[in-house]
Amino acid sequence: MRKGYKQLLEEANAAISAVTPEEAHRLAQSDDVVLVDIRDPRELDREGRVPGAFHAPRGMLEFWIDPESPYHKPIFASGKTFIFFCAGGLRSALATKTAQDMGLEPVMHIEGGFGAWKKAELPVDTAPRERA
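Please read these numbers as outputs of a predicted model, since none were measured by experiment.

(A) Structural view of the pairing of strand β5 (residues 107-110). Residues V107 and H109 line one face of β5 and the alternating positions M108 and I110 line the opposite face, and both faces are buried. Inspection of the sheet shows strand β1 (residues 18-19) paired to β5 by 2 bridges, in the parallel sense. Bridging across to β5, A18 finds its partner in H109. In terms of strand pairing, strand β4 (residues 81-85) meets β5 through 3 bridges, oriented parallel. Residue pairing in the sheet places I83 in a bridge with M108 of β5. Taken together, β4, helix α5 (residues 90-101) and β5 form a β-α-β motif whose crossover is right-handed.

Below, the structure is given as structure tokens:
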């Protein structure tokens, strides 16, 4: 294996910005900031959600960001600041690096992810998700 996940994470963390859950919560009060939850839908159902966060499953992120993609989501062309998070901060570090490499900016991620968000006792919505 040329690169394992540890090296990929080390490279990503050296190139991206991270914020604490408290900083993310404060920043998200602005209309110019979007929290992006990249967790699997089952994780949202099981653990809850950050109120107001946009859900973009990790497996679709590159397709949703790229305006050339047939799956593009206009929110990613809004010029806003994007703060990604996953369960523990690993996937979101890699996702943030990928988004940054694709030219999406400004981007950052939440250190420790949703687990750290919950530990900080920040708002969590546990009501059943509405399904499309």
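(B) Quick peek at α5. With 12 residues, α5 extends 17 Å from end C-alpha to end C-alpha; this agrees with the ideal 16 Å at 1.5 Å per step. For α5, the set of buried residues is S92, A93, A95, T96 and A99. For α5, the buried positions fall inside an angular range of 165° around the axis, keeping them on one side. Considering only its buried residues, α5 is in contact with α1 (5-15), α4 (61-65), β4 and β5. One or two residues past the end of α5 sits G103, with phi positive at roughly 100°.

Basis of the calculations
Note on numbering: residues in each chain are counted from 1, in written sequence order. Reporting of local features is limited, given that this is a predicted model, to residues whose pLDDT is at least 70; pairs of side-chain atoms are given and counted only at 80 or more, and all residues count toward the totals for whole chains, interfaces and linings. Where side-chain values are given, they derive from all heavy atoms of the structure, hydrogens and water being excluded. With a 1.4 Å probe rolled over the protein chains alone, any residue whose accessible area is under 20% of its type maximum counts as buried; one over 50% counts as exposed, and the rest are partly exposed. Here a strand is any run of E in DSSP of at least two residues, a helix any run of H or I of at least four, and the numbering for each starts at the N terminus. Think of it this way: DSSP has to see at least two bridges between two strands before they count as a pair. For the handedness criterion, the strands are oriented away from the viewer, and a crossover whose path from the first strand over the helix to the second runs clockwise is classed as right-handed. Multiplying one less than the number of residues by 1.5 Å gives the expected span of a helix. Comment: arc refers to directions from the helix axis out to C-beta atoms. Residues are treated as being in contact if the distance between any of their heavy atoms lies within 4.5 Å.

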